[in-house]
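Each chain, written out:
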Amino acid sequence: MAETKHIDEPTHHEEHIVSPGLYMIIGSLLLICTAITVGASYIDLPGDLNAVVALGIACFKATIVVLFFMHVKYSSRLTKLTVAAGFFTFIVLIMMTMTDYASRAWGRW
Amino acid sequence: MDSHTVAAQTAETAHVDHEHPPYLRHHFVNVEQQRETATFGMWLFLLTEIMFFGGLFCAYLIYRNWYYPAFVAGSHQLSIFLGTLNTAVLIASSFTMAMAVHSSEVRSRKALITWLLATIFLGCVFLGVKADEYHEKWEKHHVPGLNFSTADFTHPSKDYKDDKLAPDMAEKTQVYFSLYFAMTGMHALHMIIGVSLLTILVIRAWGGAYVNGHVAPIENFGLYWHFVDIVWIFLFPLLYLISRHQ
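Residues numbered from 1 in each chain as written. Chains lettered and ligands numbered in written order. Predicted model: local features only at pLDDT ≥ 70, side-chain atom pairs only at ≥ 80, totals over all residues.

J.: What exactly am I supposed to notice about the overall build of chain B here?
T.: For chain B, the count of helices and strands is 10 helices and zero strands. Each helix and strand of chain B, placed in order from N terminus to C terminus, yields the pattern α-α-α-α-α-α-α-α-α-α. The globule rule puts the C-alpha radius of gyration for 246 residues at 18 Å, and the 24 Å found for chain B is more than 25% above it. Counting only C-alpha atoms, chain B reaches 80 × 35 × 30 Å along its principal axes. With 246 residues in all, chain B has 37% of them scored as buried. In chain B, once contacts between residues fewer than 6 apart in sequence are set aside, the share between residues at least 24 apart is 77%. (Helix = DSSP H or I, 4+ residues; strand = E, 2+ residues; numbered from the N terminus. Rg over C-alpha atoms; globule rule 2.2 N^0.38 Å. Buried ≥ 20, exposed ≤ 12 C-beta atoms within 10 Å, placed from the backbone. Contact = placed C-beta atoms within 7 Å.)

J.: So what exactly am I meant to see when it comes to the overall build of chain A here?
T.: A count of helical and extended segments in chain A gives three helices and zero strands. Listing the helices and strands of chain A from first to last along the sequence gives α-α-α. Its C-alpha atoms give chain A a radius of gyration of 20 Å, more than 25% over the compact-globule value 13 Å for 109 residues. Relative to its 109 residues, chain A shows a buried fraction of 21%. For chain A, long-range pairs separated by at least 24 residues make up 56% of all intrachain contacts whose partners lie at least 6 apart in sequence.

J.: Which parts of the structure should I look at to understand the environment of Thr87(B)?
T.: The topology assignment puts Thr87(B) in helix α5 (residues 80–105). Using a count of 26 C-beta atoms within 10 Å as the deciding quantity, one classes Thr87(B) as buried. Between the alpha carbons of Thr87(B) and Gln77(B) there is a distance of 18 Å; along the sequence they are 10 residues apart. Setting aside residues up to four positions removed in sequence, Thr87(B) forms contacts with Thr34(A), Trp232(B) and Phe236(B).

J.: Sorry, what's going on with the interface of chain B and chain A here?
T.: By a widely used convention, the size of an interface equals the accessible area lost when the partners come together. On the side of chain A, 42 residues touch chain B, which itself brings 41 residues to the contact. At the level of elements, α3 (31–66), α5 and α10 (216–240) of chain B are the ones that each hand at least two residues to the side of chain B that touches chain A. Here the residues of the side of chain B that touches chain A sort into 24 nonpolar, 12 polar and five charged. (Nonpolar A, V, L, I, M, F, W, Y, C, P; charged D, E, K, R; others polar.)

J.: Help me understand the domain arrangement of chain A, please; the structure alone is not making it clear to me.
T.: All names here are of chain A. Per the domain assignment, the segments of chain A are domain 1 (18–74) and domain 2 (75–109). A separation of 21 Å is found between the C-alpha centroids of domain 1 and domain 2. Each side of the interface is counted separately: domain 1 has four residues, and domain 2 has four residues. Its residues placed into classes, the side of domain 1 that touches domain 2 shows three nonpolar, one polar and no charged. (Domains from an automatic or database assignment.)

J.: When you look at the environment of Ala209(B) in this model, what are you seeing that I'm missing?
T.: All names here are of chain B. Of note, Ala-209 is situated in the loop between α9 (173–206) and α10. Given 17 C-beta atoms within a 10 Å radius, Ala-209 is considered partly exposed. For the pair formed by Ala-209 and Arg-109, sequence separation is 100 residues and the distance between their alpha carbons is 8.2 Å. For Ala-209, the residues in contact, after removing those within four places along its chain, are Arg-204 and His-214.

J.: Explain the packing of α3(B) against α9(B) to me, please; I cannot follow it from the model alone.
T.: The relative placement of two packed helices comes down to the angle between their axes together with the axis-to-axis distance. All names here are of chain B. One way to put it is that α3 packs onto α9 with a least axis distance of 11 Å and a crossing angle of 160°. Taken as axis vectors, α3 and α9 run roughly antiparallel relative to one another. For α3 against α9, the interelement crossing comes out left-handed. Here Leu-56, Ala-59, Tyr-60 and Tyr-63 of α3 lie close against α9, whose contacting residues are Val-175, Leu-179, Ala-182, Met-183 and Met-186. (Axes fitted to C-alpha atoms, helices over the stretch in contact; angles between N-to-C directions. Parallel < 35°, antiparallel > 145°, perpendicular 65-115°, else oblique. Left-handed = near helix turned anticlockwise from the far one by under 90°.)

J.: I tried to follow unusual backbone geometry on my own but got confused; where do I start?
T.: With the exception of glycine, most residues fall at negative phi, and the peptide bonds are largely trans. Backbone geometry places His71(A), a non-glycine residue, at a positive phi of 65°. Along the polypeptide, His71(A) turns up in the loop between α2 (49–69) and α3 (77–104).

J.: Just to check I follow, could you spell out the packing of α2(A) against α10(B) for this structure?
T.: Direction vectors running N to C along α2(A) and α10(B) enclose 170°, while the axes themselves pass 9 Å from each other. By the angle class used here, α2(A) and α10(B) are roughly antiparallel. Two secondary-structure elements touch here, α2(A) through Ala54(A), Leu55(A), Ala58(A), Lys61(A), Ala62(A), Val65(A) and Phe69(A) and α10(B) through His226(B), Asp229(B), Ile230(B), Ile233(B), Phe234(B) and Pro237(B). Considering only residue class, the contact of α2(A) with α10(B) consists of 10 nonpolar, one polar and two charged.

Okay, structure coming up:
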(Lines give C-alpha, C1' and ligand atoms only; values in the text may rest on other atoms or scores of the structure.)
Protein backbone atom coordinates (compact mmCIF):
# COMPACT_ATOMS: atom_id res chain seq x y z
CA MET A 1 0.00 0.00 0.00
CA ALA A 2 1.27 3.49 -0.79
CA GLU A 3 2.11 5.70 2.17
CA THR A 4 -0.06 8.52 3.48
CA LYS A 5 0.25 11.59 1.29
CA HIS A 6 2.76 14.32 1.83
CA ILE A 7 1.56 17.15 4.00
CA ASP A 8 1.67 19.67 1.13
CA GLU A 9 -0.55 17.63 -1.13
CA PRO A 10 -3.87 19.46 -1.69
CA THR A 11 -5.89 16.34 -0.92
CA HIS A 12 -4.19 15.72 2.40
CA HIS A 13 -5.59 16.77 5.72
CA GLU A 14 -4.34 16.11 9.24
CA GLU A 15 -6.51 13.64 11.12
CA HIS A 16 -8.25 15.92 13.56
CA ILE A 17 -11.09 14.84 15.81
CA VAL A 18 -13.13 17.84 16.87
CA SER A 19 -13.95 17.76 20.57
CA PRO A 20 -17.55 17.49 21.83
CA GLY A 21 -16.88 20.62 23.89
CA LEU A 22 -16.37 22.68 20.75
CA TYR A 23 -19.56 21.21 19.27
CA MET A 24 -21.46 22.33 22.36
CA ILE A 25 -20.04 25.85 22.07
CA ILE A 26 -20.99 26.08 18.39
CA GLY A 27 -24.46 24.65 19.10
CA SER A 28 -25.05 27.16 21.89
CA LEU A 29 -23.82 29.97 19.65
CA LEU A 30 -26.32 28.91 16.99
CA LEU A 31 -29.18 28.94 19.48
CA ILE A 32 -28.16 32.36 20.81
CA CYS A 33 -28.02 33.74 17.25
CA THR A 34 -31.50 32.36 16.61
CA ALA A 35 -32.82 34.18 19.67
CA ILE A 36 -31.13 37.40 18.54
CA THR A 37 -32.62 37.05 15.06
CA VAL A 38 -36.14 36.64 16.45
CA GLY A 39 -35.65 39.50 18.89
CA ALA A 40 -34.27 41.82 16.22
CA SER A 41 -37.25 41.17 13.97
CA TYR A 42 -39.49 42.84 16.53
CA ILE A 43 -37.43 46.05 16.52
CA ASP A 44 -38.22 48.63 13.88
CA LEU A 45 -34.91 49.40 12.20
CA PRO A 46 -34.45 52.13 9.59
CA GLY A 47 -34.75 51.23 5.92
CA ASP A 48 -33.80 47.71 4.90
CA LEU A 49 -31.71 47.13 8.01
CA ASN A 50 -34.06 44.46 9.38
CA ALA A 51 -33.43 42.23 6.37
CA VAL A 52 -29.69 42.96 6.46
CA VAL A 53 -29.44 42.02 10.14
CA ALA A 54 -31.48 38.85 9.70
CA LEU A 55 -29.49 37.68 6.68
CA GLY A 56 -26.21 38.71 8.27
CA ILE A 57 -26.87 36.60 11.34
CA ALA A 58 -28.01 33.72 9.10
CA CYS A 59 -24.75 33.95 7.13
CA PHE A 60 -22.76 33.86 10.35
CA LYS A 61 -24.67 30.78 11.54
CA ALA A 62 -24.13 29.06 8.19
CA THR A 63 -20.42 29.87 8.32
CA ILE A 64 -19.87 28.29 11.73
CA VAL A 65 -21.91 25.24 10.72
CA VAL A 66 -19.75 24.83 7.59
CA LEU A 67 -16.44 25.41 9.36
CA PHE A 68 -16.99 23.35 12.50
CA PHE A 69 -19.94 20.96 12.19
CA MET A 70 -18.94 20.11 8.63
CA HIS A 71 -15.24 20.08 9.57
CA VAL A 72 -14.23 22.32 6.66
CA LYS A 73 -11.80 24.21 8.91
CA TYR A 74 -9.90 20.95 9.39
CA SER A 75 -10.26 19.68 5.84
CA SER A 76 -7.87 19.43 2.93
CA ARG A 77 -7.27 22.34 0.57
CA LEU A 78 -9.27 20.48 -2.07
CA THR A 79 -12.35 20.44 0.14
CA LYS A 80 -11.94 24.10 1.05
CA LEU A 81 -11.58 25.02 -2.61
CA THR A 82 -14.70 23.03 -3.47
CA VAL A 83 -16.75 24.81 -0.82
CA ALA A 84 -15.44 28.19 -1.97
CA ALA A 85 -16.27 27.34 -5.60
CA GLY A 86 -19.82 26.47 -4.59
CA PHE A 87 -20.22 29.69 -2.68
CA PHE A 88 -18.86 31.65 -5.64
CA THR A 89 -21.24 30.00 -8.10
CA PHE A 90 -24.19 30.69 -5.81
CA ILE A 91 -23.20 34.36 -5.62
CA VAL A 92 -23.00 34.47 -9.41
CA LEU A 93 -26.50 32.98 -9.61
CA ILE A 94 -27.99 35.58 -7.28
CA MET A 95 -26.01 38.55 -8.59
CA MET A 96 -26.56 37.92 -12.29
CA THR A 97 -30.27 37.22 -11.89
CA MET A 98 -30.85 40.25 -9.70
CA THR A 99 -28.89 42.62 -11.99
CA ASP A 100 -30.83 41.28 -14.94
CA TYR A 101 -34.13 42.13 -13.29
CA ALA A 102 -32.91 45.36 -11.74
CA SER A 103 -31.59 46.74 -15.02
CA ARG A 104 -34.56 45.87 -17.18
CA ALA A 105 -37.93 44.96 -15.74
CA TRP A 106 -37.89 46.60 -12.35
CA GLY A 107 -41.20 48.23 -11.45
CA ARG A 108 -43.00 46.98 -14.56
CA TRP A 109 -45.23 44.46 -12.88
CA MET B 1 -1.03 -13.89 -12.23
CA ASP B 2 -3.31 -14.39 -15.19
CA SER B 3 -6.97 -13.45 -15.00
CA HIS B 4 -8.04 -17.01 -14.23
CA THR B 5 -5.70 -17.27 -11.28
CA VAL B 6 -6.93 -13.93 -9.98
CA ALA B 7 -10.57 -14.96 -10.37
CA ALA B 8 -9.97 -18.28 -8.66
CA GLN B 9 -8.73 -16.67 -5.45
CA THR B 10 -10.80 -17.02 -2.32
CA ALA B 11 -11.46 -14.36 0.27
CA GLU B 12 -8.76 -15.84 2.46
CA THR B 13 -6.06 -16.15 -0.19
CA ALA B 14 -6.75 -12.96 -2.11
CA HIS B 15 -5.47 -10.44 0.41
CA VAL B 16 -2.29 -12.22 1.50
CA ASP B 17 -0.15 -9.98 -0.70
CA HIS B 18 -1.74 -6.70 0.26
CA GLU B 19 -3.16 -6.29 3.73
CA HIS B 20 -5.78 -3.57 4.03
CA PRO B 21 -8.92 -2.83 6.01
CA PRO B 22 -11.92 -4.71 4.63
CA TYR B 23 -13.74 -1.50 3.73
CA LEU B 24 -10.97 -0.23 1.44
CA ARG B 25 -12.12 -0.63 -2.16
CA HIS B 26 -9.53 -1.76 -4.68
CA HIS B 27 -9.78 1.25 -6.95
CA PHE B 28 -8.28 3.40 -4.17
CA VAL B 29 -4.62 3.50 -3.17
CA ASN B 30 -5.26 3.84 0.55
CA VAL B 31 -7.96 4.65 3.08
CA GLU B 32 -7.09 8.35 3.16
CA GLN B 33 -7.63 8.69 -0.59
CA GLN B 34 -10.92 6.79 -0.40
CA ARG B 35 -12.15 9.01 2.39
CA GLU B 36 -11.06 12.22 0.68
CA THR B 37 -12.67 11.15 -2.59
CA ALA B 38 -15.98 10.37 -0.91
CA THR B 39 -15.98 13.74 0.86
CA PHE B 40 -15.16 15.51 -2.41
CA GLY B 41 -18.05 13.71 -4.13
CA MET B 42 -20.49 14.59 -1.38
CA TRP B 43 -19.46 18.26 -1.52
CA LEU B 44 -20.00 18.29 -5.29
CA PHE B 45 -23.51 16.97 -4.71
CA LEU B 46 -24.11 19.63 -2.05
CA LEU B 47 -23.01 22.27 -4.55
CA THR B 48 -25.75 21.13 -6.91
CA GLU B 49 -28.19 21.36 -4.00
CA ILE B 50 -27.00 24.91 -3.23
CA MET B 51 -27.78 25.91 -6.81
CA PHE B 52 -31.12 24.12 -6.65
CA PHE B 53 -32.28 25.92 -3.52
CA GLY B 54 -30.55 29.05 -4.79
CA GLY B 55 -33.01 29.26 -7.65
CA LEU B 56 -35.92 29.18 -5.21
CA PHE B 57 -34.27 31.80 -3.01
CA CYS B 58 -33.75 34.02 -6.05
CA ALA B 59 -37.43 33.79 -6.98
CA TYR B 60 -38.30 34.64 -3.39
CA LEU B 61 -35.99 37.69 -3.41
CA ILE B 62 -37.55 39.12 -6.55
CA TYR B 63 -41.19 38.54 -5.60
CA ARG B 64 -40.65 39.84 -2.08
CA ASN B 65 -39.35 43.07 -3.56
CA TRP B 66 -42.23 43.31 -6.01
CA TYR B 67 -45.10 42.41 -3.67
CA TYR B 68 -43.72 43.42 -0.28
CA PRO B 69 -47.06 44.22 1.48
CA ALA B 70 -48.46 40.85 0.43
CA PHE B 71 -45.35 39.11 1.74
CA VAL B 72 -45.61 40.94 5.08
CA ALA B 73 -49.26 39.95 5.46
CA GLY B 74 -48.56 36.35 4.47
CA SER B 75 -45.61 36.08 6.84
CA HIS B 76 -47.75 37.26 9.76
CA GLN B 77 -49.94 34.20 9.21
CA LEU B 78 -47.09 31.89 10.23
CA SER B 79 -46.42 30.95 13.82
CA ILE B 80 -43.15 32.47 15.04
CA PHE B 81 -43.22 30.12 18.02
CA LEU B 82 -43.35 26.98 15.86
CA GLY B 83 -40.79 28.37 13.42
CA THR B 84 -38.33 29.19 16.21
CA LEU B 85 -38.99 25.83 17.84
CA ASN B 86 -38.23 24.06 14.58
CA THR B 87 -35.04 26.07 14.17
CA ALA B 88 -33.91 25.05 17.66
CA VAL B 89 -34.83 21.41 16.90
CA LEU B 90 -32.73 21.40 13.73
CA ILE B 91 -29.76 23.06 15.44
CA ALA B 92 -29.96 20.39 18.15
CA SER B 93 -30.12 17.69 15.46
CA SER B 94 -27.00 19.12 13.83
CA PHE B 95 -25.28 18.86 17.20
CA THR B 96 -26.39 15.24 17.66
CA MET B 97 -25.24 14.42 14.10
CA ALA B 98 -21.82 15.97 14.77
CA MET B 99 -21.63 13.86 17.93
CA ALA B 100 -22.53 10.76 15.87
CA VAL B 101 -19.57 11.49 13.58
CA HIS B 102 -17.40 11.91 16.66
CA SER B 103 -18.61 8.56 18.04
CA SER B 104 -17.69 6.87 14.78
CA GLU B 105 -14.25 8.50 14.86
CA VAL B 106 -13.56 7.27 18.41
CA ARG B 107 -15.05 3.87 17.50
CA SER B 108 -17.79 3.76 20.12
CA ARG B 109 -20.71 1.65 18.86
CA LYS B 110 -23.12 2.43 21.68
CA ALA B 111 -22.53 6.20 21.45
CA LEU B 112 -22.87 6.14 17.67
CA ILE B 113 -26.24 4.37 17.83
CA THR B 114 -27.48 6.72 20.56
CA TRP B 115 -26.54 9.88 18.67
CA LEU B 116 -27.96 8.58 15.38
CA LEU B 117 -31.25 7.73 17.10
CA ALA B 118 -31.31 11.19 18.71
CA THR B 119 -30.86 12.76 15.26
CA ILE B 120 -33.71 10.65 13.85
CA PHE B 121 -35.93 11.66 16.76
CA LEU B 122 -35.25 15.37 16.33
CA GLY B 123 -35.75 15.09 12.56
CA CYS B 124 -39.15 13.51 13.14
CA VAL B 125 -40.08 16.24 15.65
CA PHE B 126 -39.30 18.83 12.99
CA LEU B 127 -41.43 17.02 10.42
CA GLY B 128 -44.30 16.65 12.90
CA VAL B 129 -44.31 20.39 13.66
CA LYS B 130 -44.17 21.11 9.92
CA ALA B 131 -47.16 18.83 9.31
CA ASP B 132 -49.08 20.68 11.99
CA GLU B 133 -48.23 24.01 10.37
CA TYR B 134 -49.30 22.76 6.94
CA HIS B 135 -52.57 21.51 8.38
CA GLU B 136 -53.25 24.91 9.89
CA LYS B 137 -52.61 26.54 6.52
CA TRP B 138 -55.09 24.15 4.93
CA GLU B 139 -57.72 24.96 7.54
CA LYS B 140 -57.24 28.71 7.07
CA HIS B 141 -57.58 28.51 3.28
CA HIS B 142 -54.00 29.57 2.63
CA VAL B 143 -53.02 26.78 0.24
CA PRO B 144 -52.70 28.16 -3.30
CA GLY B 145 -54.42 26.10 -5.94
CA LEU B 146 -56.38 24.03 -3.41
CA ASN B 147 -58.72 26.14 -1.32
CA PHE B 148 -57.11 29.56 -1.33
CA SER B 149 -59.15 32.50 -0.16
CA THR B 150 -57.96 36.10 0.06
CA ALA B 151 -60.67 36.89 2.64
CA ASP B 152 -58.12 36.90 5.48
CA PHE B 153 -56.32 39.72 3.67
CA THR B 154 -59.13 41.81 2.24
CA HIS B 155 -61.19 41.56 5.42
CA PRO B 156 -58.73 40.63 8.18
CA SER B 157 -59.82 39.72 11.66
CA LYS B 158 -58.97 42.11 14.49
CA ASP B 159 -55.77 40.18 15.30
CA TYR B 160 -54.43 41.02 11.85
CA LYS B 161 -56.08 44.38 11.24
CA ASP B 162 -52.77 45.92 10.14
CA ASP B 163 -52.57 43.41 7.28
CA LYS B 164 -55.47 44.74 5.26
CA LEU B 165 -54.64 44.66 1.57
CA ALA B 166 -56.30 45.98 -1.58
CA PRO B 167 -57.83 43.15 -3.65
CA ASP B 168 -55.08 43.04 -6.29
CA MET B 169 -52.29 42.95 -3.68
CA ALA B 170 -54.31 40.42 -1.67
CA GLU B 171 -54.14 38.10 -4.66
CA LYS B 172 -50.36 38.31 -4.51
CA THR B 173 -50.33 36.56 -1.15
CA GLN B 174 -50.76 33.43 -3.25
CA VAL B 175 -47.24 34.05 -4.54
CA TYR B 176 -45.96 34.19 -0.96
CA PHE B 177 -47.69 30.98 0.04
CA SER B 178 -46.66 29.21 -3.16
CA LEU B 179 -43.05 30.00 -2.33
CA TYR B 180 -43.65 29.02 1.30
CA PHE B 181 -44.93 25.58 0.34
CA ALA B 182 -42.38 25.08 -2.44
CA MET B 183 -39.38 25.99 -0.30
CA THR B 184 -40.40 24.38 3.00
CA GLY B 185 -41.88 21.42 1.11
CA MET B 186 -38.66 20.78 -0.77
CA HIS B 187 -36.78 21.21 2.50
CA ALA B 188 -39.13 18.74 4.23
CA LEU B 189 -38.59 16.26 1.40
CA HIS B 190 -34.86 16.50 2.04
CA MET B 191 -35.53 15.90 5.73
CA ILE B 192 -37.61 12.80 4.95
CA ILE B 193 -34.84 11.44 2.73
CA GLY B 194 -32.36 12.23 5.48
CA VAL B 195 -34.35 10.45 8.17
CA SER B 196 -34.74 7.42 5.89
CA LEU B 197 -30.98 7.26 5.26
CA LEU B 198 -30.37 7.71 8.98
CA THR B 199 -32.58 4.69 9.66
CA ILE B 200 -30.44 2.60 7.31
CA LEU B 201 -27.27 3.90 8.96
CA VAL B 202 -28.48 3.14 12.48
CA ILE B 203 -29.51 -0.40 11.49
CA ARG B 204 -26.05 -0.99 10.05
CA ALA B 205 -24.40 0.62 13.08
CA TRP B 206 -26.38 -1.79 15.24
CA GLY B 207 -24.78 -4.59 13.23
CA GLY B 208 -21.34 -3.23 14.06
CA ALA B 209 -20.55 -1.02 11.08
CA TYR B 210 -18.79 2.37 11.12
CA VAL B 211 -16.81 1.77 14.32
CA ASN B 212 -13.85 -0.01 12.71
CA GLY B 213 -12.26 3.04 11.10
CA HIS B 214 -14.80 3.32 8.26
CA VAL B 215 -16.04 6.79 9.20
CA ALA B 216 -16.78 8.08 5.69
CA PRO B 217 -20.50 7.15 5.38
CA ILE B 218 -21.38 8.75 8.73
CA GLU B 219 -19.15 11.74 8.01
CA ASN B 220 -20.60 12.36 4.56
CA PHE B 221 -24.19 11.85 5.65
CA GLY B 222 -23.37 14.43 8.32
CA LEU B 223 -22.43 16.85 5.55
CA TYR B 224 -25.84 16.31 3.94
CA TRP B 225 -27.65 16.76 7.24
CA HIS B 226 -25.80 19.97 8.11
CA PHE B 227 -26.54 21.32 4.65
CA VAL B 228 -30.29 20.74 5.13
CA ASP B 229 -29.93 22.57 8.47
CA ILE B 230 -28.23 25.52 6.74
CA VAL B 231 -31.09 25.75 4.22
CA TRP B 232 -33.54 26.05 7.12
CA ILE B 233 -31.28 28.63 8.82
CA PHE B 234 -31.94 30.85 5.80
CA LEU B 235 -35.57 29.83 5.23
CA PHE B 236 -36.63 30.73 8.78
CA PRO B 237 -35.82 34.47 8.81
CA LEU B 238 -36.89 34.95 5.20
CA LEU B 239 -40.29 33.34 5.58
CA TYR B 240 -41.22 33.84 9.24
CA LEU B 241 -39.54 37.07 10.26
CA ILE B 242 -40.49 39.59 7.59
CA SER B 243 -41.03 42.73 9.62
CA ARG B 244 -42.68 41.46 12.75
CA HIS B 245 -42.48 44.99 14.03
CA GLN B 246 -45.01 46.28 11.58
